[in-house]
Amino acid sequence: MTTESLQDIARIQAIAYEVWPPTYSAIISPQQIAYMLRMMYSTEVLQRQMKEEGHEFILVQHNGEYAGFAGYAEEAPGLFKLHKLYVLTSKQGHGLGKLLLEDVCKRAIAKGGSALLLQVNKNNKAKDFYLSNGFRTDHELVLDIGGGFVMDDYVMRRELT
């Protein structure tokens, strides 16, 4: 489902705040986790992404509970970017991440997409998930995000057919 309501924003935030600490605690500092959560998941930021920047969010449920989400947007004609994909740790291993990813690909193709990009921290085990789902590493990117923090990522790409 595509989401645009304040209620959906609260669900997205709840999932992000539950998933980020265990996902990133071995990779980045607690201070950077807190900074990035504020930077990327405030109500104002999510509303702007949805209303002004063309981001679409998809929520997935498992056994009647919201278990994960994906967010994506068109970056250039035919080129889409997966900005966010998270599944609750307790719900991982049920194919929900793959379901979200394939739904994003399907939606991008329906909108004329020919490729999907994403960024993933170089030390995040999710990069193996993306490699096993048709992505390849395109290049590396170190991005100053303010607050004395950087994102040290791989940019990955999947051709859409």
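Since the model is a prediction, treat every value here as computed from it, not as a measurement.

Chemist: So what's going on with helix 3 (residues 43-51)? Which residues, and what values?
Modeler: For helix 3, the complete set of buried residues consists of Val45, Leu46, Gln49 and Met50. Buried residues of helix 3 fall within an arc of 130° about the axis and therefore sit on the same side. The exposed residues of helix 3 that point more than 90 degrees off its buried face are Glu44 and Lys51.

Chemist: Outline the environment of Ala26, supporting the account with residue identities and numerical values.
Modeler: Considering the arrangement of structural elements, one finds Ala26 in the loop between helix 1 (6-24) and helix 2 (30-41). Each C-alpha atom, one on Ala26 and one on Asn124, is 9.1 Å from the other, the two residues being 98 residues apart in sequence.

Chemist: Report on the side chain of His62, specifying residues and quantitative values.
Modeler: The residue His62 is located in strand 2 (residues 56-62) in this model. A polar contact is formed between the side chain of His62 and the side chain of Asn63, at a distance of 3.5 Å. Contact partners of His62, with chain neighbours within four places excluded, come to Ala67, Lys91, His94 and Leu96.

Chemist: Could you give an account of the confidence of the model for the protein, naming the residues involved and the relevant values?
Modeler: Here the protein shows a mean pLDDT of 94. Residues at 70 or above account for 96%. Of all secondary-structure elements in the protein, the lowest mean pLDDT belongs to strand 1 (residues 2-3), at 54, while strand 4 (residues 79-87) reaches the highest, 98.

Chemist: Break down the pattern of salt bridges for me, citing the residues and quoting the values.
Modeler: For the structure shown, the criterion picks out 10 salt bridges. The partner of Arg136 in a salt bridge is Asp138, with the nearest N and O atoms 3.1 Å apart. Note on Arg136: relative accessible area 42%, which makes it partly exposed. According to the relative accessible area criterion, Asp138 is partly exposed, its value standing at 36%. Residues participating in the shared-partner salt-bridge network are Glu56, Asp103, Arg107 and Lys111.

Chemist: Kindly report on the pairing of strand 4, identifying the contributing residues and their values.
Modeler: With 7 of 9 residues buried, strand 4 is to be regarded as a mostly interior element. Here strand 3 (residues 65-76) pairs with strand 4 via 8 bridges, running antiparallel. The partner of Ala73 across the bridge, within strand 4, is Lys81. Between the antiparallel neighbours strand 3 and strand 4 lie 2 residues, among them Gly78 with a positive phi of about 80°. In the sheet, strand 4 pairs with strand 5 (residues 115-121) via 4 bridges, with the strands oriented parallel. Note on strand 5: the bridge partner recorded for Leu79 is Ala115. Between strand 4 and its parallel partner strand 5, the chain crosses via helix 4 (residues 96-110), and the hand of that crossover is right-handed.

Chemist: Describe in detail the environment of Arg158, supporting the description with residues and values.
Modeler: Tracing the sequence through the fold places Arg158 in strand 7 (residues 149-159). For the pair formed by Arg158 and Gly134, sequence separation is 24 residues and the distance between their alpha carbons is 5.8 Å. In this view, Arg158 contacts Leu101, Glu102, Cys105, Ser114, Ala115, Leu116, Asn133, Gly134 and Phe135; residues no more than four positions away in its chain are not counted. Here the side chain of Arg158 touches Asn133 through a polar contact of 3.0 Å, landing on its backbone oxygen.

Criteria and cut-off values
- Residues numbered from 1 in each chain as written.
- Predicted model: local features only at pLDDT ≥ 70, side-chain atom pairs only at ≥ 80, totals over all residues.
- Heavy atoms only, no water.
- Buried < 20%, exposed > 50% of the residue type's maximum accessible area, 1.4 Å probe, protein only.
- Helix = DSSP H or I, 4+ residues; strand = E, 2+ residues; numbered from the N terminus.
- Arc of directions from axis to C-beta.
- Polar contact = N/O pair within 3.5 Å; in protein donor to acceptor, adjacent residues only side chain to side chain.
- Contact = heavy atoms within 4.5 Å.
- pLDDT = per-residue confidence, 0-100.
- Salt bridge = Lys/Arg side-chain N within 4 Å of Asp/Glu carboxyl O.
- Pairing = 2+ DSSP bridges.
- Right-handed = clockwise from strand over helix to strand, strands pointing away.

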